Amino acid sequence: PAERPAWADERNVTRTHDARAAIEAGEHPMPRVLSELAALADGEVYALVTPFVPAPLVDLAREKGFVAYSTREGEARVRTYFRADASAATRRTR
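Please read these numbers as outputs of a predicted model, since none were measured by experiment. (Residues numbered from 1 in each chain as written. Predicted model: local features only at pLDDT ≥ 70, side-chain atom pairs only at ≥ 80, totals over all residues. Heavy atoms only, no water.)

(A) Highlighting the pairing of strand E3 (residues 66-74). Inspection of the sheet shows E3 paired to strand E4 (residues 77-84) by 8 bridges, in the antiparallel sense. Along E4, the bridge assignment pairs Phe66 with Ala84. Between E3 and E4, which pair antiparallel in sequence order, lie 2 residues; one of them, Ala76, sits at a positive phi of approximately 60 degrees. (Pairing = 2+ DSSP bridges. Helix = DSSP H or I, 4+ residues; strand = E, 2+ residues; numbered from the N terminus.)

(B) Geometry of the packing of helix H2 (residues 30-38) against helix H3 (residues 55-63). With their axes 11 Å apart at the nearest point, H2 and H3 run at an angle of 30 degrees to one another. With respect to each other, H2 and H3 are oriented roughly parallel. H2 and H3 meet at a crossing whose hand is right-handed. Contact residues: Met30, Val33, Leu34 and Leu37 in H2; Pro56, Leu57, Leu60 and Ala61 in H3. (Axes fitted to C-alpha atoms, helices over the stretch in contact; angles between N-to-C directions. Parallel < 35°, antiparallel > 145°, perpendicular 65-115°, else oblique. Left-handed = near helix turned anticlockwise from the far one by under 90°. Contact = heavy atoms within 4.5 Å.)

Right, here's the structure in full:
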């Protein structure tokens, strides 16, 4: 696994969404998460808690100019950190 980036730290998180209950109920958190990511200010970090690595969401967020890092915190608990990638900010505003 990749080394944890310094920004992917709970002390830097400005907003967290625990989507485990919604996912278990058959709901898809992607629209809410993408909306909340779009509202992040530069430098803010968003944490998403899911029962698995949300690979499609991570890929989509990266396409929209975010960096992401996932870490397993236990059985059926993964925390994924997102932050706007300053070098990709121009892509996000298009």
